[in-house]
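# Coordinate analysis (summary)
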Amino acid sequence: MGLLLASCATPGKSSSLGRDVYGHRPGPQGFRTVIIDAGHGGKDSGAVSAHTRQKEKDLALDTAQRIAKQLQGDFKVIMMRGDDTFIDLDERVIRANRHGEAILISVHYNSGPSSIRGPETYYWRVDSHGLATRLQRAMASASPAENGNRGLVRRRVRLTRNPEIPCVLLEGGYLSNAAESQLISDLGYRQKLAVNIASAIRTQAAIGDQGTGPLPRPIDSPPSRPTDAPE
Ligand SMILES: [Zn+2]
């Protein structure tokens, strides 16, 4: 019965707008609302660069605000946080799910072995694959190098699995890499990243998944829990 009702909600076509628990559908097109989530905040600094002492939470907020500025006017932009506030990941999911035809972009910077650098993009849902592909390309074209990282990754974490709208988590580069950390400290570079990210979002809204390759296989996974894995 539940399944019947679900399929009746989108009669005649597999619409990628609106909410969908699993996201087994094509990527979104024609959306007008973009939720931008600056990772971490408040008591949660995220990664801290040993090279510049900058905190991931501050760099993520700055980048999120730059992306928002690029999109304003064309989209309704909702900021998950606009200042240095802590918001629990599950609360972020609840807030994202208040919107029915939106996409969610979570902005982070990475940390790992010192030799690894370059942007990475995480997605889980089928309806987020095209968007993730575009966003990874957009960041890679702003970045001078990728070395040893995983590029586009299908990974189940709370902000890629649990929202009921297309959602992607961006890692804008490694703060643990000396050269990349210096690069990320340059606001011109963060601006370039933001402009490219905004452009990818615009393209997705205009043409959907066109040109982003075949959809990945659907996986009926349970929601991601805090105890699953480090996020
Ligand atoms: Zn992070």
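These lines cover the structure that appears in this document, whether it is placed above or below. (Residues numbered from 1 in each chain as written. Predicted model: local features only at pLDDT ≥ 70, side-chain atom pairs only at ≥ 80, totals over all residues.)

Now for the packing of helix H4 (residues 129-142) against helix H7 (residues 187-207). Relative to each other, H4 and H7 sit at 150°, their axes nearing to 8 Å. With respect to each other, H4 and H7 are oriented roughly antiparallel. Our pair here, H4 against H7, has a crossing hand that is right-handed. For the pair formed by H4 and H7, the contact residues are Gly130, Leu131, Arg134, Leu135, Ala138, Met139, Ser141 and Ala142 on the first element and Lys192, Leu193, Asn196, Ile197, Ser199, Ala200, Thr203 and Gln204 on the second. Classifying every residue of the contact of H4 with H7 gives eight nonpolar, six polar and two charged. (Axes fitted to C-alpha atoms, helices over the stretch in contact; angles between N-to-C directions. Helix = DSSP H or I, 4+ residues; strand = E, 2+ residues; numbered from the N terminus. Parallel < 35°, antiparallel > 145°, perpendicular 65-115°, else oblique. Left-handed = near helix turned anticlockwise from the far one by under 90°. Contact = placed C-beta atoms within 7 Å. Nonpolar A, V, L, I, M, F, W, Y, C, P; charged D, E, K, R; others polar.)

The next subject is unusual backbone geometry. Unlike most non-glycine residues, His40 shows phi in positive territory, near 65°. Among the secondary structure elements, His40 is positioned in the loop between strand S1 (33-38) and helix H2 (56-71). Exposure remark for His40: the 24 C-beta atoms within 10 Å place this residue in the buried category. In this structure, Arg53 takes a positive phi of about 65° despite not being glycine. (Buried ≥ 20, exposed ≤ 12 C-beta atoms within 10 Å, placed from the backbone.)

This part covers the nonpolar core. One finds Val34, Ile36, Ile103, Leu135, Val168 and Ile197 to be the most contacted residues of the largest nonpolar core, which totals 47 residues. Discounting residues that sit within four places of it in the chain, Val168 has contacts with Ile105, Thr121, Tyr123, Ser128, Leu131, Ala132 and Leu135. (Core = buried A, V, L, I, M, F, W, Y, C linked by C-beta atoms within 7 Å.)

When you tally the buried positions in S1, you get five out of six residues, the bulk of the element. One ladder, built from four bridges, connects S1 with strand S2 (residues 76-79); its direction is parallel. Residue pairing in the sheet places Ile36 in a bridge with Met79 of S2. With H2 bridging S1 and its parallel neighbour S2, the resulting β-α-β unit is right-handed. (Pairing = 2+ DSSP bridges. Right-handed = clockwise from strand over helix to strand, strands pointing away.)

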